[in-house]
Amino acid sequence: MASSSHASIAITVAILAITATCAFAFVPGARSLGKRSANKIASLLSATNSAPRGGMPILPSDVVKYSQVPKKDSYFVKDKIPRGLLKNHTTKAGTYGVIRVNAGKLLYRIEEPEPPTEFVLSPNDPPGIIEPTRLHRVAPLTDDVEFCVEFHRKPGTGPVDEKREGL
């Protein structure tokens with residue numbers, strides 16, 4: 001499970017690495033931080049900045065709902081969850097997902113950035129937010145689970161007539 005202490009550690013590591021990089025810039029003959037390390041720091045910073053609520057990403061305020069699976073007033077249940085949702089998959093660029101649990105408990109696992117982050121979603125919790133192109137999956141934790149997934153995108157970002165594998 002994600003925790004605020006993990007976020008604090010990630011911020012501290014990123015600040016130390018950035019500080020060391022800046023210090024190296026002023027030392028003659030010193031090597032700068034490699035591209036791989038810089039990318040890892042950027043990943044830590046973006047994961048921390050976009051996930052203040054215990055690691056759960058935030059849905060941008062300017063997105064618009066355009067679709068839902070299953071259709072309105074229906075839910076996936078334990079034995080009727082499409083296989084595509086149970087294995088690692090992504091949304092398209094610009095498409096956000098909102099996982100709403102109506103009953104029971106559902107595991108939501110975000111595979112990237114490393115390390116993976118897991119959330120137990122239930123009706124009393126805020127919904128799970130799926131960021132565009134982020135590898136993720138779900139798994140039922142109780143026999144009575146019921147959930148749906150809404151799809152959102154920013155206005156004017158293109159057509160929304162998208163086929164989703166296995167849905």
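Structure shown above.
Residues numbered from 1 in each chain as written. Predicted model: local features only at pLDDT ≥ 70, side-chain atom pairs only at ≥ 80, totals over all residues. Heavy atoms only, no water.

Asks: Which parts of the structure should I look at to understand the nonpolar core?
Replies: One recurring pattern in soluble globular proteins: nonpolar side chains tend to sit buried together. Counting 20 residues, the largest nonpolar core has I99, L106, Y108, L121, V138, F147 and V149 as its most contacted members. When residues of this core are traced back to their parent elements, those giving at least two are strand 3 (95-103), strand 4 (106-110), strand 5 (117-121), strand 6 (128-130) and strand 8 (146-153). Beyond its immediate chain neighbours, meaning those up to four positions away, V138 contacts L85, L86, I99, L106, L107, Y108 and F147. (Core = buried A, V, L, I, M, F, W, Y, C linked by side-chain atoms within 4.5 Å. Buried < 20%, exposed > 50% of the residue type's maximum accessible area, 1.4 Å probe, protein only. Helix = DSSP H or I, 4+ residues; strand = E, 2+ residues; numbered from the N terminus. Contact = heavy atoms within 4.5 Å.)

Asks: For this particular structure, what's the right way to read the pairing of strand 4?
Replies: A regular strand places its side chains so that they alternate between the two faces of the sheet. Of all 5 residues in strand 4, 5 are buried; the element is thus mostly enclosed. Here strand 4 shows a buried face lined by L106, Y108 and I110 and a second buried face lined by L107 and R109. What sits between the antiparallel neighbours strand 4 and strand 5 is a turn of 6 residues. (Pairing = 2+ DSSP bridges.)

Asks: What should I look at first to understand the sheet that holds strand 4 in this one?
Replies: Within a beta sheet, neighbouring strands are joined by backbone hydrogen bonds and run either parallel or antiparallel to one another. Taken in spatial order, the 3 strands make up an open sheet running 5-4-7, and their pairing is antiparallel. Looking at the sheet topology across the chains shown, the edges are occupied by strand 5 and strand 7 (136-140). Each strand axis lies, on average, 20 degrees off the axis of its neighbour in the sheet, ignoring direction. (Axes fitted to C-alpha atoms, helices over the stretch in contact; angles between N-to-C directions.)

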